Amino acid sequence: MKKIGIIGASGYAGAELCRLLLRHPDVEIAAVSSKSFVGESIEDLYPVFQQVFERTFETEAAVIEASDVIFAALPHGLSQELAYDVIRQGKIFIDLGADFRLEDETEYQAWYGLPFTHKDLHFHAVYGLPELFREQIRETTLVANPGCYTTCVQLALAPAVAAGLIDTSHIIADCKSGATGAGRTLSKITQFMELNEGMHAYKVANHRHTPEIEQTLRAFTKEDVHVTFVPHLLPVNRGILATCYAPLKKKMTAAAIRAMYAERYGDEYFVRVLGEQHTPNIGNVRYSNFCDISIYMDERTGTLITVSALDNMLKGAAGQAIQNMNILLGLPERTGLDMIPPAF
């Protein structure tokens, strides 16, 4: 049984890691930490863990010492020093934050306002989207777990980009997220009276996931990639819905592109390419590690439209992190992640 540590277990993604790992047959949670709640119990913060997981929040150093695999669910800028300590001790570090997602330091500084520390670690880090970079993940011990919006958009567009079907100079990603995507810290836009019975865009054309989306798609083409990304908050707890638009380079039917997607993801259990009669719905992926994708065509304008949906706390965060852990430990990727979405 591998011992697992969770740094930042008091946040939404950290708590979701606890919930999922408790049902994983091949690992056990050794320790959890929280800067804000050291010495307090996780079941007091999240009563769902009563009689299920009664553990006291410890320090980050204690978590690292007790564990073989360490997950960090922290805001950007807080994982690099931790990763250095973990990798130096020969352990596995899976970062759910943004510190290792961008390869270019200048770009990271522009979007996050911080430099790379321990620059050699950034050459060691691998972007943890298994359906696109599985073989590279197998060879590392430092995984940069993707963002939730980015996972949804990248899975929806990567096959079309790789096949050279679309003009990558102006892709539009119109995305909606549940409130958990904004994190546990309360802000004006996540207050009940702002979210309830409404929906609004935020960080329009200025969201930090933009360069992450472009970077990943560039890995599948020699062309420049430019994405106009607009996120919105939905008055729901969880879920991501991404509708992406891109001009086609050559005339193709939606059925032909759908078949190409079905072949590309045919062996990927967690990606479901839907038939023309179904449209992705966040309700159909809740509490699961699935990403549903559908393909449409606006023949009048020659525009490819891909729609994708996932649970931002699962495939968009904790579930994908565990999928990466399973790869690194040589376990079947579905281990501990075989949750079926509720039918209603």
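Before going into details, it helps to say that this report is about the structure given with it. Everything numeric in this text was worked out from a predicted model, so none of it was measured.

Some words on the packing of aromatic side chains
The tally for this structure, following the rule as stated, stands at 12 aromatic pairs. Residues phenylalanine 49 and phenylalanine 53 carry aromatic rings whose centres are separated by 5.9 Å and whose planes lie at 75 degrees to one another, so their mutual orientation is edge-to-face. Assigned by exposure class, phenylalanine 49 and phenylalanine 53 land together as buried. Ring centres 5.4 Å apart and planes at 45 degrees place the aromatic pair tyrosine 108 and phenylalanine 116 in the tilted group. Geometry around phenylalanine 290 places arginine 272 over its ring, the cationic atom sitting 4.0 Å from the centre. We note arginine 334 situated over the ring of tyrosine 269; from NZ or CZ to the ring centre the distance is 3.6 Å.

Here's the deal with the pattern of salt bridges
This structure, assessed with the given rule, holds 16 salt bridges. Arginine 134 is the salt-bridge partner of glutamate 268, the closest N and O atoms lying 2.7 Å from each other. Remark: arginine 134 occurs in helix α7 (residues 130-138) and glutamate 268 occurs in the loop between α11 (254-264) and β12 (271-273); sequence separation between them is 134 residues. Residue classification places arginine 134 among the buried residues on the basis of a relative accessible area of 16%. Across the salt bridge formed by arginine 134 and glutamate 333, the nearest N and O atoms sit 2.4 Å from each other. Here glutamate 333 lies in the segment after α12 (314-328) and arginine 134 lies in helix α7, a separation of 199 residues in the sequence. Across the pair, glutamate 333 and arginine 134 agree in class, each one buried. What you see here is one network of salt bridges that share partners, running through Glu16, Arg19, Arg238 and Asp311.

Describing the pairing of strand β8 (residues 171-177)
In terms of residue burial, β8 counts as a mostly covered element, since six of its seven residues are buried. Bridge analysis of β8 against strand β10 (residues 227-233) gives seven bridges, and the strand direction is parallel. Residue pairing in the sheet places alanine 173 in a bridge with phenylalanine 229 of β10. Bridge count between β8 and strand β11 (residues 240-247): six bridges; the pairing is antiparallel. The residue of β11 that forms the bridge with isoleucine 172 is tyrosine 245.

Details of the environment of alanine 156
Within the secondary structure, alanine 156 sits in helix α8 (residues 148-162). A relative accessible area of 0% places alanine 156 in the buried class. Considering only alpha carbons, one finds alanine 156 and alanine 309, 153 residues apart in sequence, at a separation of 9.2 Å. The residues touching alanine 156, leaving out its near neighbours within four places in the chain, are Tyr261, Ile293, Thr306 and Ser308.

Notes on the packing of helix α1 (residues 12-21) against α12
What describes two packed helices is the angle between their axes and the distance between those same axes. At a minimum axis distance of 10 Å, the contact between α1 and α12 shows a crossing angle of 50 degrees. Looking at the two axes, α1 sits oblique to α12. As α1 runs across α12, the sense of the crossing is right-handed. Side by side, α1 and α12 meet where Ala13, Glu16, Leu17, Arg19, Leu20 and Leu21 of the first sit next to Leu314, Ala317, Ala318, Gly319, Ala321, Ile322 and Met325 of the second.

The rules we used
Residues numbered from 1 in each chain as written. Predicted model: local features only at pLDDT ≥ 70, side-chain atom pairs only at ≥ 80, totals over all residues. Heavy atoms only, no water. Phe/Tyr/Trp six-rings, centres within 6.5 Å; stacked < 30°, edge-to-face > 60°. Buried < 20%, exposed > 50% of the residue type's maximum accessible area, 1.4 Å probe, protein only. Lys NZ or Arg CZ within 6 Å of the ring centre and 35° of its normal. Salt bridge = Lys/Arg side-chain N within 4 Å of Asp/Glu carboxyl O. Helix = DSSP H or I, 4+ residues; strand = E, 2+ residues; numbered from the N terminus. Pairing = 2+ DSSP bridges. Contact = heavy atoms within 4.5 Å. Axes fitted to C-alpha atoms, helices over the stretch in contact; angles between N-to-C directions. Parallel < 35°, antiparallel > 145°, perpendicular 65-115°, else oblique. Left-handed = near helix turned anticlockwise from the far one by under 90°.

Structural measurements only, silent on function.
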